Amino acid sequence: MKKRVSILGSGISGIGAAILAKDKGYDVFLSDKNKLDSKVKSKLDSISVSWEENKHTYNLLKKSDLIIKSPGIPNESEIVIKLKKSNIKIISEIEFASLHTNSFVIGITGSNGKTTTTELIYHILKNSGLNVGIAGNIGTSFSKQIAENSFDYYVLEISSFQLDDIIDFKPNIAVITNLFEDHLDRYNYDFTKYIDSKLRITMNQENTDAILYNLNDKILKDAINRSGSKANKISYGINSSSFDGKNILIKNKKKTLMINIEELSLKGRHNLLNAMAAITVADLLKISKDSIRESLLTFKGLPHRLENVLTIQGVNYINDSKATNVNATFYALDSMKPQTVWIVGGVDKGNDYSELLPLVREKVKAIICLGVDNKKIIETFSPIIDLIVETESMDEAVKISRKIAEKKDTVLLSPACSSFDLFKDYEDRGNQFKEAVRNL
């Protein structure tokens, strides 16, 4: 008799899990408490996966041998608690996918920089001729990649939510870019629980595996030291032997290759660290130094991450919509010149804006709030910023920014918050910003 797999959630990971589970011969059922998109229904019907929408029917789900839970569903949700009491195994899509591949896996997590680092590692590996796929929290699910392709290497961006439900998953190389307070609403506003979630990426690693971490992040460095990880611990950072202040140094026994950071397409201190992480991974895989250098110089930055949109009448408009937490916005503001009009706000995840105060005092001339509840932002910054404006749409925010900004100023969208109050996601928010700028 076929084993029954039930999938909670019909997002990218849920559909990917359904495709792989069906491909591996399971009896598959998908359940979503919301209405299913018509394209999702058609896809599920085409592969003969049964489904339900607008509810989770416990009596159907309790018959499962295995539950694959989408990362967006909290472990505190009513249906998950009931299923756990029934002793049904609940895992993440990342865990399920890993059961069906023997490929070499590079997993990247962290509070910020994980998308850029993932894309950069993939770019270097692909340019060097390796048979490599990219997946995870980055557009394509790991499961779908395994079902439809046969890559020798996978580069995975992995969120804390995906790590929460792993059991045996282990990457051959793990990277933790940094640790800052984020998603605390999912971790009972306890930073320690969030850190523990991130460290799960290395909990199953062995001494033949590697864990890379940024030594400039003291919280991360301390967390790695107490993690009990058996993996080979490799650090990188600005105060390390791989950086001389102007050049990234790639060393081996025969020669040292120097890459001047001015040549990199990625700008800013945070992207320097992302590049160091990617270089370290490539070096572990014995990719040639010249190939690494060429890839670094040809890599283009990601949309919605310090993305230059337009310069209008001497005012530069920058889209940093992917900055969904305070630390990401810290790096954005740090790379700005004084006289910045800052568009900020959204769904607060337990943010502490106080670390931004010195940068805001130095660089920001006006704040435009874009969110349903801006109380905390206004309370934090009104003592140092005279002009703070509340708006209810991106179009309004951009039009007001144009009135405030003068020649040589910058208008920066860097929300420091999630986007789900006024937008579908950070991409929708960034696209609306770009559209509003183009319409000025």
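This one's a predicted model, so the numbers in the text were calculated from it and none came from an experiment.

**Considerations on helix H4 (residues 78-85)**
1) Next: Those residues of H4 not exposed but buried are Ile79, Val80 and Leu83. Around the axis of H4, the buried residues are gathered within 100° of arc, so they sit on the same side. Those residues of H4 that are exposed and angled more than 90 degrees off the buried face are Glu78 and Lys85.
2) Next: Against strand S1 (4-8), helix H3 (58-61), strand S4 (66-69) and strand S5 (89-92) lie the buried residues of H4.
3) Next: Asn87 occupies a position one or two residues after H4 and carries a positive phi of about 60°.

**Observations concerning the pattern of salt bridges**
1) Next: What the rule picks out here adds up to 13 salt bridges.
2) Next: Glu53 serves as the salt-bridge partner of Lys41, at 3.1 Å between the closest nitrogen and oxygen. Residue Lys41 is located in helix H2 (residues 38-46), and its partner Glu53 is located in the loop between strand S3 (50-52) and H3; the two are separated by 12 residues in the primary sequence. One exposure class covers both Lys41 and Glu53, and it is buried.
3) Next: The shortest N-O distance in the salt bridge between Glu307 and Lys434 comes to 3.1 Å. Residue Glu307 is found in strand S14 (residues 307-312), and its partner Lys434 is found in helix H17 (residues 426-438); the two are separated by 127 residues along the sequence.

**Brief notes about the nonpolar core**
1) Next: With 49 residues, the main nonpolar core has Ile7, Leu44, Ile68, Phe96, Phe142, Leu156 and Ile176 as its most contacted residues.
2) Next: Among all residues touching Leu44, those that are not within four sequence positions of it are Ile15, Ala18, Leu30, Leu36, Val49 and Trp51.
3) Next: Among the nonpolar cores identified, the runner-up in size contains 40 residues, and Ile106, Ile138, Ile248 and Leu273 belong to it.

**Some points on the sheet that holds strand S17 (residues 364-370)**
1) Next: An order of S14-S15-S19-S16-S17-S18 is seen for the six strands of this open sheet, with the pairing classed as mixed. Where the open sheet ends on each side, the last strands, each with one partner, are S14 and strand S18 (388-391). Across this sheet, the average inter-strand angle for adjacent strands is 20°, counted without regard to direction.
2) Next: Set on the sheet, helix H16 (residues 394-404) makes contact with S14, strand S15 (315-319), strand S16 (340-344), S17, S18 and strand S19 (410-413); between it and S17 the angle comes to about 165°.
3) Next: Each of S14, S15, S16 and S19 touches H17; the most contacted strand, S14, lies at about 15° to it.

**Here we look at the packing of helix H6 (residues 114-127) against helix H12 (residues 289-298)**
Between two packed helices, both the angle of their axes relative to each other and the distance between the axes serve to describe the pair.
1) Next: Where H6 contacts H12, the axes come no closer than 9 Å and their chain directions differ by 130°. On the basis of their axis angle, the class for H6 and H12 is oblique. Between H6 and H12 lies a crossing of right-handed hand. Only Ser291, Ile292, Ser295, Leu296 and Thr298 of H12 make contact with H6, whose side of the interface consists of Leu120, His123, Ile124 and Asn127.
2) Next: A breakdown of the residues in the contact of H6 with H12 according to their chemical character gives four nonpolar, five polar and no charged.

**Focus: the packing of aromatic side chains**
1) Next: Under the defined criterion, the tally for this structure stands at 10 aromatic pairs.
2) Next: The interplanar angle of 50° and the centroid separation of 5.4 Å between the aromatic rings of Phe104 and Tyr153 together place this pair among those described as tilted. Taken together, the positions of Phe104 in strand S6 (residues 104-109) and Tyr153 in strand S8 (residues 153-157) put the pair 49 residues apart, joining distant regions of the chain.
3) Next: Seen from their ring centres, Phe191 and Tyr194 are 6.1 Å apart, and the 20° between their planes marks the pair as stacked. Within this pair, Phe191 and its partner Tyr194 are both found in helix H9 (residues 191-199), separated by three residues, close to a single helical turn.
4) Next: Through a chain of ring-to-ring contacts, the aromatic side chains of Phe161, Tyr187, Phe191 and Tyr194 assemble into a single cluster.
5) Next: The ring of Phe161 is capped by Arg186, whose NZ or CZ atom sits 3.7 Å from the centre of that ring.
6) Next: One cation-aromatic arrangement involves Lys322 over Tyr426; the distance from NZ or CZ to the ring centre is 5.3 Å.

**Regarding the packing of H6 against helix H11 (residues 269-284)**
1) Next: Packing of H6 against H11 brings their axes to within 9 Å, and their N-to-C directions diverge by 40°. Classed by the angle they form, the pair H6 and H11 counts as oblique. Crossing hand, H6 versus H11: right-handed. For the pair H6 and H11, contact is made by Thr116, Thr117, Leu120, Ile121 and Ile124 and by Asn271, Asn274, Ala275, Ala277, Ala278, Val281 and Ala282, respectively.

**Some thoughts on the sheet that holds strand S10 (residues 210-214)**
Either a parallel or an antiparallel arrangement is found when strands of a sheet pair, and the pairing is made through backbone hydrogen bonds.
1) Next: Pairing within the open sheet is parallel, and its six strands lie in the order S7-S8-S6-S9-S10-S11. Edge strands, defined here as strands with exactly one partner in the open sheet, are strand S7 (132-136) and strand S11 (232-236). Across this sheet, the average inter-strand angle for adjacent strands is 20°, counted without regard to direction.
2) Next: Pairing analysis gives four bridges linking S6 to strand S9 (residues 173-176), with the strands arranged parallel. Bridging from a neighbouring strand, Gly107 pairs with Ala174 of S9.

**Re unusual backbone geometry**
1) Next: A positive phi angle, close to 65°, is found at Asn54, a residue other than glycine.
2) Next: Phi at Gln339 is positive, roughly 75°, even though this residue is not glycine.
3) Next: By secondary structure assignment, the location of Gln339 is in the loop between helix H13 (326-334) and S16.

**Quick word on the pairing of S5**
1) Next: Pairing of S4 with S5 involves four bridges; the strand directions are parallel. Residue pairing across strands places Lys69 opposite Ser92, the latter belonging to S5.
2) Next: Crossover S4 to S5 through H4 is right-handed.

Cut-off values and rules
Residues numbered from 1 in each chain as written. Predicted model: local features only at pLDDT ≥ 70, side-chain atom pairs only at ≥ 80, totals over all residues. Heavy atoms only, no water. Buried < 20%, exposed > 50% of the residue type's maximum accessible area, 1.4 Å probe, protein only. Helix = DSSP H or I, 4+ residues; strand = E, 2+ residues; numbered from the N terminus. Arc of directions from axis to C-beta. Contact = heavy atoms within 4.5 Å. Salt bridge = Lys/Arg side-chain N within 4 Å of Asp/Glu carboxyl O. Core = buried A, V, L, I, M, F, W, Y, C linked by side-chain atoms within 4.5 Å. Pairing = 2+ DSSP bridges. Axes fitted to C-alpha atoms, helices over the stretch in contact; angles between N-to-C directions. Parallel < 35°, antiparallel > 145°, perpendicular 65-115°, else oblique. Left-handed = near helix turned anticlockwise from the far one by under 90°. Nonpolar A, V, L, I, M, F, W, Y, C, P; charged D, E, K, R; others polar. Phe/Tyr/Trp six-rings, centres within 6.5 Å; stacked < 30°, edge-to-face > 60°. Lys NZ or Arg CZ within 6 Å of the ring centre and 35° of its normal. Right-handed = clockwise from strand over helix to strand, strands pointing away.

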